[in-house]
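Residue-level listing of the chains:
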Amino acid sequence: MTTLDTGLTLIRTASRRVSRANSIVGNAFKGWMPTGLYARALLIMIVPMVILQTVVAGVFMERHWNTVTRRLSAAVVQDVAALIDIYKGYPQDKDRTMLRRIAQQRLNLVVDFLPAGDMPPPGPKPFFNLLDQSLSSQIGRQISRPFWIDTVGRSNLVEIRIALDDAVMRIFAQRGAAYASNTDIFLFWMVGTSSILLIVSVLFLRNQIKPILRLADAAESFGKGREVPNFRPRGAREVRRAAHAFLEMKARIERTLEQRTAMLAGVSHDLRTILTRFKLELALLGDSPEIDAMRKDVDEMSHMLEDYLAFARGDNGEIAQPTDISNALEELRGDAERNGHSATVSFHGLPVVTVKPQALKRCLGNLVSNAARHADAIAITGHRDHRYLTITVDDDGPGIPAAMREEVFKPFLRLDDARNQDEGGTGLGLAIARDIARSHGGDITLGDSPMGGLRASVRIPV
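Residues numbered from 1 in each chain as written. Predicted model: local features only at pLDDT ≥ 70, side-chain atom pairs only at ≥ 80, totals over all residues. Heavy atoms only, no water.

Undergrad: Let's hear about helix α10 (residues 357–374): which residues, and what values?
TA: If you check α10, its first and last C-alpha atoms are 26 Å apart, about what 18 residues at 1.5 Å a residue would give, namely 26 Å. With 13 of its 18 residues buried, α10 lies for the most part within the structure. (Helix = DSSP H or I, 4+ residues; strand = E, 2+ residues; numbered from the N terminus. Expected span 1.5 Å × (residues − 1). Buried < 20%, exposed > 50% of the residue type's maximum accessible area, 1.4 Å probe, protein only.)

Pasting the structure below:
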């Protein structure tokens, strides 16, 4: 293996490791990152602002405050050194009156003298000891005498004690003269201006997010088969473009459904005319076993034609409206009992749901009819929460094999080998039911029933 091959192998290995690490970090971030666009946009604005201000504050404190504090501390220590020189150079001032006057009037310092050796033990250093470090450094550099300082005892004063030959000079200086004390002003302006800008950004972002939320609500309502009143494109250019595309798609879908319905209406009219003519001709032929069989075939053809048209037409044209689902389930129970079947109904939750009532009744009616055709007992259960309306139809019939539970939703499919072949049907009942459920934004699933037969579950978003 050449050196080039070895290098390429190392690069590929490193690339795979970086990709794996990136994937791990990305998955970790996804766990706590917000999922909404509004929250993510706020995070995108807030995080850079916080990082920027943290960096600015750090640089300001490190560069500006440190520099200013060192210079102010150096000036105060220079004044103290000058007072020590006066103390040494004018021994004739026994009471140190002139020294105190110069310190008070010219240097804004309060000076007094303590007996020699009156130096307290060193105290604990404060957490933010920038002033202590700066004063200690300047005193050691300019005076080079034993000293003691206290920057904590009095909030607005700094106490400095310098050991002289025959006394201890105690100096009180204003904290502002030795320390850059404009921290609160800086933080106030930084936090205040950031808060104002953040509030303005949040309000602006909220107005930009509203059109996206309205578009999502309109698409969701259309997916549930509901009308979208007073919706029009708003917001930024890209959002308006998406809204226009949604409206055009909605118009194309509705136009396609209208054309299909019109075509089927024409086909229905023509076929019904022919079947009506057949019925009249059979009525004129009299009664015989052959004529009765032909009449039965014509009736079956009429029934099949109605099923085909209902499947192709779907629930087009019906408007969604608030509907009491519990009353609809009671009507289904009554229909089943009138046909000689045992049926029970229970409903939990708020019963009023916005659906297409006739279409949903047809959907549930097909499921109940399918159960009644192959079972003796039927149980209908409804449940509504804050997200979904769920209706289950259980029976004690033979059920459907698990491998065929998706196949039975295909149009014209009948499980004749598992069902009673003497029973009529076009194989469109479950297909029509699923089509109606999906037009409401939901779906139908089949499973095992606790009664021993089949369970058909309809789940529709509310």
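Back to the write-up after that little detour.
Undergrad: Can you explain empty space enclosed by the protein? Please cite residues and give values.
TA: Counting across every chain of the model gives three cavities of 30 Å³ or more. Around the largest cavity sit Leu 367, Asn 370, Ala 371, Val 393, Asp 395, Leu 430, Leu 454, Arg 455 and Ala 456, which together line it. When contributions to the lining of the largest cavity are tallied by element, the ones reaching two or more residues are α10, β9 (388–395) and β11 (454–461). The class makeup of the residues in the lining of the largest cavity is six nonpolar, one polar and two charged. (1 Å grid on protein atoms, 1.4 Å probe; cavity = no way out; pocket = protein on both sides within 12 Å on 5 of 7 lines; lining within 4 Å. Points joined across faces, edges and corners; volume = space filled by probe spheres on them. Nonpolar A, V, L, I, M, F, W, Y, C, P; charged D, E, K, R; others polar.)

Undergrad: Please provide a residue-by-residue account of unusual backbone geometry, values included.
TA: The phi dihedral of Asn 108 falls on the positive side, at around 55°, and the residue is not glycine. Of the residues examined, Asn 108 reaches a relative accessible area of 48% and is grouped as partly exposed. Positive phi values are uncommon outside glycine, yet Ser 144 reaches one of about 55°. Summarising the element assignment, Ser 144 is placed in the loop between α4 (130–142) and β2 (147–150).

Undergrad: Please set out the pattern of salt bridges residue by residue, giving values where relevant.
TA: A side chain of one charge can pair with a side chain of the opposite charge if their charged atoms are brought near each other. Using the criterion set out here, one finds 15 salt bridges in the structure. Close ionic contact of Arg 170 with Asp 112 constitutes a salt bridge, the shortest N to O distance being 2.6 Å. Residue Arg 170 is found in strand β4 (residues 167–174), and its partner Asp 112 is found in strand β1 (residues 109–115); the two are separated by 58 residues along the sequence. Among the residues examined, Asp 112 registers a relative accessible area of 21% and is labelled partly exposed. Residue Arg 434 pairs with Asp 443 through a salt bridge whose shortest N-O separation is 3.2 Å. Residue class for Arg 434 comes out buried when judged on its relative accessible area of 8%. (Salt bridge = Lys/Arg side-chain N within 4 Å of Asp/Glu carboxyl O.)

Undergrad: Pulling in residues and values, what's your account of a nonpolar patch on the surface?
TA: On the surface, a nonpolar cluster with roughly 400 Å² of combined accessible area is contributed by Met 263, Val 267, Leu 271, Ile 274 and Phe 278. Along the chain, Leu 271 turns up in helix α7 (residues 237–284). On the basis of relative accessibility, which here comes to 36%, the residue Leu 271 falls in the partly exposed class. (Patch = residues over 30% accessible without salt bridge, like charges linked within 9 Å, V, L, I, M, F, W, Y side chains within 5 Å. Areas by Shrake-Rupley, 256 points an atom, 1.4 Å probe, with all protein chains shown as cover.)

Undergrad: Please give an account of the sheet that holds β11 that cites residues and values.
TA: Taken in spatial order, the five strands line up as β6-β8-β9-β11-β10 in an open sheet, and their pairing is mixed. Both outer strands of the open sheet, β6 (342–348) and β10 (443–448), are each paired with one neighbouring strand and no more. Strand-to-strand twist across the sheet, computed as the mean angle between neighbouring axes with direction ignored, equals 15°. The pairing of strand β8 (residues 377–384) with β9 spans seven bridges and is antiparallel. Bridge pairing links Ala 379 to Asp 394 in β9. Contacts between helix α9 (residues 325–338) and the sheet are confined to β6, β8 and β9, with β6 contributing the most and set at about 175° to the helix. (Pairing = 2+ DSSP bridges. Axes fitted to C-alpha atoms, helices over the stretch in contact; angles between N-to-C directions. Contact = heavy atoms within 4.5 Å.)

Undergrad: Please set out the packing of aromatic side chains residue by residue, giving values where relevant.
TA: What the rule picks out here adds up to three aromatic pairs. With a centroid separation of 5.8 Å and an interplanar angle of 85°, the aromatic rings of Phe 231 and Phe 246 are classed as edge-to-face. Of this pair, Phe 231 sits in the loop between α6 (183–223) and α7 while Phe 246 sits in helix α7; the two residues are 15 residues apart in sequence, bridging distant segments of the chain. Like Phe 246, Phe 231 is buried. In textbook terms, an aromatic cluster arises when at least three aromatic residues are bridged by ring pairs, as seen for Phe 222, Phe 231 and Phe 246. Stacked on the ring of Phe 409, the Lys or Arg Arg 434 has its end atom at 3.7 Å from the ring centre. Over the aromatic face of Tyr 388 sits the side chain of Arg 459, whose NZ or CZ is 4.1 Å from the ring centroid. (Phe/Tyr/Trp six-rings, centres within 6.5 Å; stacked < 30°, edge-to-face > 60°. Lys NZ or Arg CZ within 6 Å of the ring centre and 35° of its normal.)

Undergrad: Could you give an account of the side chain of Arg 170, with specific residues and numbers?
TA: Here Asp 112 takes part through its side chain, which lies 2.6 Å from a polar atom of the side chain of Arg 170. If we ignore the near neighbours within four places in the chain, the residues touching Arg 170 are Val 110, Val 111, Asp 112, Leu 114, Glu 159, Ile 160 and Arg 161. (Polar contact = N/O pair within 3.5 Å; in protein donor to acceptor, adjacent residues only side chain to side chain.)

Undergrad: Would you mind going over the environment of Ala 74 in detail, with residue names and values included?
TA: Mapped onto the elements of the fold, Ala 74 is located in helix α2 (residues 37–89). Beyond its immediate sequence surroundings of up to four residues, Ala 74 is in contact with Gln 138 and Gln 142.

Undergrad: I'd like a description of the confidence of the model for the protein, backed by residues and values.
TA: Of the residues in the protein, 87% reach a pLDDT of 70 or more, and the chain-wide mean stands at 81. The least confident element of the protein, judged by mean pLDDT, is helix α1 (residues 3–32) at 73; the most confident is β9 at 93. Predicted confidence is poor over residues 417–424, with pLDDT under 50, and the contacts of this stretch with residues over four places away or in other chains come to nine contacts. (pLDDT = per-residue confidence, 0-100.)

Undergrad: Now, about the nonpolar core: what can you tell me, with residues and values included?
TA: Nonpolar side chains tend toward joint burial in soluble globular proteins. Counting 36 residues, the largest nonpolar core has Ile 325, Leu 329, Leu 364, Leu 367, Ile 378 and Ile 444 as the members making the most contacts within it. Among the elements that make up this core, the one with the highest residue count is α10 (eight residues). (Core = buried A, V, L, I, M, F, W, Y, C linked by side-chain atoms within 4.5 Å.)

Undergrad: Outline the sheet that holds β2, supporting the account with residue identities and numerical values.
TA: Within the open sheet, the four strands sit side by side as β1-β4-β3-β2. Their pairing is antiparallel. Whereas interior strands pair on both sides, the edge strands pair on one side only; in this sheet they are β1 and β2. When strand polarity is set aside, the average angle formed by the axes of neighbouring strands in this sheet is 20°. Here strand β3 (residues 157–163) pairs with β4 via seven bridges, running antiparallel.

Undergrad: I'd like a description of the packing of α9 against α10, backed by residues and values.
TA: Between α9 and α10, whose axes approach to 11 Å, the crossing angle comes to 40°. Along this stretch, α9 crosses α10, giving a crossing that reads as right-handed. Of α10, the residues touching α9 (which contributes Ile 325, Leu 329, Glu 331, Leu 332 and Ala 336) are Leu 360, Lys 361, Leu 364, Gly 365 and Val 368. Looking at side-chain class alone, the contact of α9 with α10 contains seven nonpolar, one polar and two charged residues. (Left-handed = near helix turned anticlockwise from the far one by under 90°.)

Undergrad: Which residues make up the side chain of Gln 138, and what values do they have?
TA: Examined against the element boundaries, Gln 138 turns out to sit in helix α4. Residue Gln 138 is classed as buried on the basis of its relative accessible area of 11%. Not counting residues within four places of it along the chain, the set of residues in contact with Gln 138 comprises Arg 70, Ser 73, Ala 74, Val 77 and Ile 143.

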